[in-house]
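# Chains, contacts and geometry: an overview
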Amino acid sequence: MRGWPLIKLLPQKTNFRFVKYAPAAGVISIILCVASIVGCFYPGLNMGIDFRGGASMEVSKPAGQVLELDKVRGAVSELGLGDVQVQGIDSAASAIVRFQIPEDEGQSAVVARVEKAIDEAVGEVKYSGVSVVGSKVSGELFTSGLLALGAAIVLMFIYIWFRFEPQFGFGAVAGLVHDMVLTFGLIVLFRFEFSLNTVAAILTVIGYSMNDTVVVFDRLRENLRKYKTMPLREVIDLSINETLSRTIITGLTTVIVLIVLAVFGGEALRGFSITLAFGVVIGTFSSIYVGAPIILLWGVDRSG
């Protein structure tokens, strides 16, 4: 079968003028980043139990029976415990129930009320894995999550600084901040729960984006030494084109896996998978239209 596998249909050599469209792409990125930052304050992030405090428990029926999630959600929602979340796990017989703990009530009393409401709605069930996160602990977790994101960016900058030149480091960090801010914007737009899983997804996006950026920067450094008289914008275009097939193949295969995970992985993994898939796409975009154009504006020392 000629043309199979489909990877052979990708052109071996491309000559796209990426730098030509960098100003327009930059304007779009700035607008989206500003909108994302505004969205983080209003309407704000949809904090999960990890960051706003609350409780979670696993509810399960005996094997062979079906746990009616709608009835569970309705029963707990009537108790006025904030944004109640019910996520099916493993099989149709079990689920994770998450809810907030009012400040004026004891934790054990609220958990008992929830268990009673669920029993009345779906019959007797088994409860396990009950965990409670207090407001103080949730605040510390939120601060630690933000510090983890900041530390990742700083360490990536130091790595690029030592491996390349300072302007490469600033270009890489600008791309990472761009990816992180737009990912936060996606989370706000679709009201995904912001939890420790989301922080893990954003850290993964940072790692993927940096990996793609390093590939482009490494080829750019090689071409700067090879073509000493070629204009910088042409060297940048050449470097991006030479790594384009690798970028497309890696990004596409990753996104396909994440889409499958989002469709078949259940509610618990849907937000995580979509966030990560979006981050992969944005990370590829930033390598081309954020990191490289900053190097063009800054300039490089080609005397060595």
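### Observations regarding the pairing of strand E2 (residues 54-60)
For E2, the tally of buried residues reaches six of seven residues, placing the bulk of the element in the interior. In terms of strand pairing, E2 meets strand E5 (residues 126-133) through six bridges, oriented antiparallel. Bridging across to E5, Ser-56 finds its partner in Ser-131. Here six bridges tie E2 to strand E4 (residues 94-99), and the two strands are oriented antiparallel to one another. Looking at the pairing, Ser-60 lines up with Ser-94 of E4.

### Looking at the sheet that holds E2
Pairing between the strands of a sheet is mediated by backbone hydrogen bonds and can be parallel or antiparallel. With antiparallel pairing, four strands are arranged side by side in an open sheet as E3-E4-E2-E5. Strands with a single pairing partner mark the edges of an open sheet, and in this sheet they are strand E3 (85-88) and E5. Neighbour-to-neighbour, the strand axes of the sheet open up by a mean angle of 15 degrees, direction not taken into account. The sheet strands contacting helix H4 (residues 107-122) are E2, E4 and E5, and the helix crosses E5 at an angle near 145 degrees.

### A look at a nonpolar patch on the surface
On the surface, a nonpolar cluster with roughly 770 Å² of combined accessible area is contributed by Val-154, Leu-155, Ile-158, Trp-161, Phe-162, Phe-170 and Trp-298. At five residues, helix H5 (residues 135-163) tops the list of elements feeding residues into the nonpolar patch. Note on placement: Val-154 falls in helix H5. On the basis of relative accessibility, which here comes to 48%, the residue Val-154 falls in the partly exposed class.

### Topic: the pattern of salt bridges
Under the counting rule described, the total for this entry stands at six salt bridges. The residue Lys-71 makes a salt bridge to Glu-68 at a minimum N-O spacing of 3.3 Å. The exposure class assigned to Lys-71 is partly exposed, which follows from its relative accessible area of 42%. The exposure class assigned to Glu-68 is partly exposed, which follows from its relative accessible area of 39%. Arg-219 is the salt-bridge partner of Glu-242, the closest N and O atoms lying 3.1 Å from each other. One end of the pair, Glu-242, is in helix H8 (residues 232-264); the other, Arg-219, is in helix H7 (residues 196-226), and 23 residues separate them in sequence. When its relative accessible area of 29% is taken as the criterion, Arg-219 is described as partly exposed. The network of salt bridges with common partners includes Arg-219, Glu-222 and Glu-242.

### Thoughts on the packing of aromatic side chains
What the rule picks out here adds up to 10 aromatic pairs. For the pair Phe-190 and Phe-192, a centre-to-centre distance of 5.8 Å together with 20 degrees between the ring planes defines the contact as stacked. The buried category is assigned to Phe-192, whose relative accessible area is 16%. Chaining the aromatic ring pairs together yields one cluster made of Phe-16, Phe-18, Phe-285 and Tyr-289.

### Here's the deal with the side chain of Thr-198
Residue position: Thr-198 is located in helix H7. Classification of Thr-198 by relative accessible area gives buried; the value is 7%. Contact partners of Thr-198, with chain neighbours within four places excluded, come to Ile-187 and Glu-193.

### Some details on the nonpolar core
Core analysis: the largest hydrophobic core is formed by 42 residues, its most contacted members being Phe-168, Phe-194, Ile-202 and Ile-206. Breaking this core down by element, the ones donating at least two residues are helix H1 (22-44), H5, helix H6 (166-189), H7, H8 and helix H9 (267-298). When sequence neighbours within four positions are dropped, the list of residues in contact with Phe-168 reads Ile-160, Phe-217, Leu-220, Leu-224, Ile-295 and Val-300. Residues Val-86, Ala-95, Val-97 and Phe-99 belong to the second largest nonpolar core, which totals 20 residues.

### A few points about the packing of H7 against H8
Where H7 meets H8, the closest approach of the two axes is 9 Å, and the angle between their N-to-C directions is 145 degrees. By crossing handedness, the relation of H7 to H8 is classed as right-handed. Looking at the contact of H7 with H8, its residues break down into 10 nonpolar, eight polar and four charged.

### Brief notes about the confidence of the model for the protein
Per-chain confidence: the protein averages 84 in pLDDT, with 91% of residues scoring 70 or above. Across the protein, element-level confidence peaks in H1 with a mean pLDDT of 93 and bottoms out in helix H2 (residues 49-52) with 76.

### Some thoughts on the environment of Asn-46
As for its position among the elements, Asn-46 is in strand E1 (residues 46-47). With 142 residues separating them along the chain, Asn-46 and Val-188 place their C-alpha atoms 7.1 Å apart. Not counting the four nearest positions on each side in its chain, Asn-46 is found in contact with Arg-52, Asp-83, Arg-191, Phe-192, Glu-193 and Phe-194. Polar contacts involving the side chain of Asn-46 include one to the main-chain carbonyl oxygen of Arg-191, which spans 3.2 Å.

Quick notes on the rules
- Residues numbered from 1 in each chain as written.
- Predicted model: local features only at pLDDT ≥ 70, side-chain atom pairs only at ≥ 80, totals over all residues.
- Heavy atoms only, no water.
- Buried < 20%, exposed > 50% of the residue type's maximum accessible area, 1.4 Å probe, protein only.
- Helix = DSSP H or I, 4+ residues; strand = E, 2+ residues; numbered from the N terminus.
- Pairing = 2+ DSSP bridges.
- Axes fitted to C-alpha atoms, helices over the stretch in contact; angles between N-to-C directions.
- Contact = heavy atoms within 4.5 Å.
- Patch = residues over 30% accessible without salt bridge, like charges linked within 9 Å, V, L, I, M, F, W, Y side chains within 5 Å.
- Areas by Shrake-Rupley, 256 points an atom, 1.4 Å probe, with all protein chains shown as cover.
- Salt bridge = Lys/Arg side-chain N within 4 Å of Asp/Glu carboxyl O.
- Phe/Tyr/Trp six-rings, centres within 6.5 Å; stacked < 30°, edge-to-face > 60°.
- Core = buried A, V, L, I, M, F, W, Y, C linked by side-chain atoms within 4.5 Å.
- Left-handed = near helix turned anticlockwise from the far one by under 90°.
- Nonpolar A, V, L, I, M, F, W, Y, C, P; charged D, E, K, R; others polar.
- pLDDT = per-residue confidence, 0-100.
- Polar contact = N/O pair within 3.5 Å; in protein donor to acceptor, adjacent residues only side chain to side chain.

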